Amino acid sequence: MSHRPSATPALLAGLLMLAACATAAPLALALPEAPVLLLGEQHDADEHAVLARASVEHLAAAGRLAVLVLEMAESGHDTHGLPDSASETEVRQRLAWHEPGWPWARYGPVVMAAVQAGVPVVGGNLPRARMRDALQDHSLDDRLDADGLARQRQAVDDGHCRLLPAAQLPGMTRIQIARDLSLAQTATRELRAGQTVLLLAGAGHVRRDIGVPRHWPAALADQAHVVWLRAGPTGPADVAGVADAVWPTPPVPEKDHCAELRQHLAPDRR
C-alpha cells in the first residue's frame, strides 16, 4: 500500500493561517487529485470545520467535488435534487439533522457551502435504527483481522474513557465497525470519474488501519487520501499506516470529556 508524505512545514503554516482567516488558497497544494479525500476531525475543534468548509469550496470551485459525505447525517438522507438556493431549513430537513449531537452552528457552513455550489450532501452514518442489529452481528468481527479488531476494541474502550463494562465492549466495537462500513459503502456509491468524494468524519473513522479504508477494495483504498486534522500537539507524531497527512490546528480549551460519561456508565468492568 502506498502512502503519501505529511504536509510540508510551509504548507502547514499556510493551513494554520487558513484556519484563522478562512481562505481556501493554501488548499490548492494540500488537496491531491484522488477519488476519495477523507478528513478526520476532532468534533469540538471549530478550526476543523473551517478547514472542511475551505476544502469544500476549493474542490467545488475547481469542478472536482462530486459529493460531500458526512458522518453527521445518517445514510438514507441527502440533498440530491435540492437547488443551490435551498434554505438551511430545507437542507436540515432533507438530512434529518440531529442538532443535539451535531451543532448546526459548527457544521452548517460546511454543508451549505456544498449545497450553494450545487454539490450534493449525503449522510453516511449508520442509522440509529440499525445499531441494535449491528450490536449482535458477529459477522462484523470478521471485517478486520485479529490485530485490527484488537486495535479497534482498544480505540472504542479509550473513546469511552475505559468505563464500558467488559461485556459491552465487543458489541460497541461492532457498532463502530458498522458505522465505518456504512460510510465506506456510501462513499463508494457516490464515486464519479475524474472527481473527488469528500468524506468528513471523526478522526477515528478515517484511519487506514481500522477505519473506512479497510472496507474498500485495495485499489480504491490505495488511491484515497486520508488527512487527520489535529488540534494542538496531542496524538502520535508518526501516523504511517494510519493517515497520509496531518494538518495541525491550535489546541482547543481543555475539557474533561469523561466527566459526563462517568455519570452514565458504571465503572465496574468485571
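Going by the structure above, here's the rest.
Residues numbered from 1 in each chain as written. Predicted model: local features only at pLDDT ≥ 70, side-chain atom pairs only at ≥ 80, totals over all residues. Heavy atoms only, no water.

*Asks:* Help me out: how do you make sense of the state of the cysteines in this one?
*Replies:* Each disulfide consists of a covalent bond between the sulfur atoms of two cysteine residues. Within this structure, the stated rule accounts for one disulfide. Residue pairing for Cys161: its cysteine sulfur links by disulfide to Cys258, the two sulfurs lying 2.0 Å apart. Here Cys161 and Cys258 share a disulfide; its torsion about the S-S bond, -90°, makes the bridge left-handed. Pair noted here: Cys161 is in the loop between helix H7 (146-159) and helix H8 (169-189) and Cys258 is in helix H10 (residues 257-262), with a separation of 97 residues, a long-range link. Like Cys161, the residue Cys258 is buried in the burial classification. (Disulfide = S-S within 2.5 Å. Helix = DSSP H or I, 4+ residues; strand = E, 2+ residues; numbered from the N terminus. Buried < 20%, exposed > 50% of the residue type's maximum accessible area, 1.4 Å probe, protein only.)

*Asks:* It is not clear to me how unusual backbone geometry should be interpreted in this structure. Could you clarify?
*Replies:* With glycine set apart, most residues show a phi of negative sign, and most peptide bonds adopt trans. With phi around 60°, Cys161 is a residue other than glycine that occupies positive phi space. At Arg162, a position not held by glycine, the phi torsion is positive, near 55°. As for its position among the elements, Arg162 is in the loop between H7 and H8. Look at Arg162 and you get exposed, because its relative accessible area is 52%.

*Asks:* In this structure, what is going on with the pattern of salt bridges? I would like to understand it.
*Replies:* Two side chains of opposite charge can pair, provided their charged atoms sit close to one another. Tallied over the entire structure, the rule returns 13 salt bridges. For Asp46, the salt bridge goes to Arg106, with nearest N and O atoms at 2.7 Å. Of this pair, Asp46 sits in helix H3 (residues 46-61) while Arg106 sits in helix H5 (residues 104-116), and the two are 60 residues apart along the sequence. For Asp46, a relative accessible area of 44% translates into the label partly exposed. In the salt-bridge network here, residues are joined through shared partners; they are Asp147, Arg151, Arg207 and Asp209. (Salt bridge = Lys/Arg side-chain N within 4 Å of Asp/Glu carboxyl O.)

*Asks:* Can you walk me through H5 in this structure?
*Replies:* Each full turn of the α-helix corresponds to 3.6 residues, which orients residues three or four apart in the same direction. Within H5 the residues assigned to the buried category are Trp104, Tyr107, Gly108, Val110, Val111, Met112, Ala113, Ala114 and Val115. Looking at the packing, one finds that the buried side of H5 touches strand E1 (36-41), H3, strand E2 (65-74), helix H4 (88-95), strand E3 (121-125) and strand E4 (196-202). One or two residues past the end of H5 sits Gly118, with phi positive at roughly 80°. (Contact = heavy atoms within 4.5 Å.)

*Asks:* What should I look at first to understand the nonpolar core in this one?
*Replies:* A general feature of soluble globular proteins is that nonpolar side chains tend to end up buried together. By size, the foremost hydrophobic cluster in this structure holds 35 residues, and its most contacted members are Trp97, Val111 and Trp247. Counting residues per element, the ones that place at least two in this core are E1, H3, E2, H4, H5, E4, strand E5 (225-231) and strand E6 (245-249). By residue number, the principal contributor to this core is H5, which donates eight residues. Residues contacting Val111, with those up to four places away along its chain left out, are Leu68, Leu70, Val91, Leu95, Trp97, Trp104 and Val121. In terms of nonpolar packing, the next biggest core, distinct from the first, is built from 25 residues, Ala184, Ala201, Val226 and Ala243 among them. (Core = buried A, V, L, I, M, F, W, Y, C linked by side-chain atoms within 4.5 Å.)

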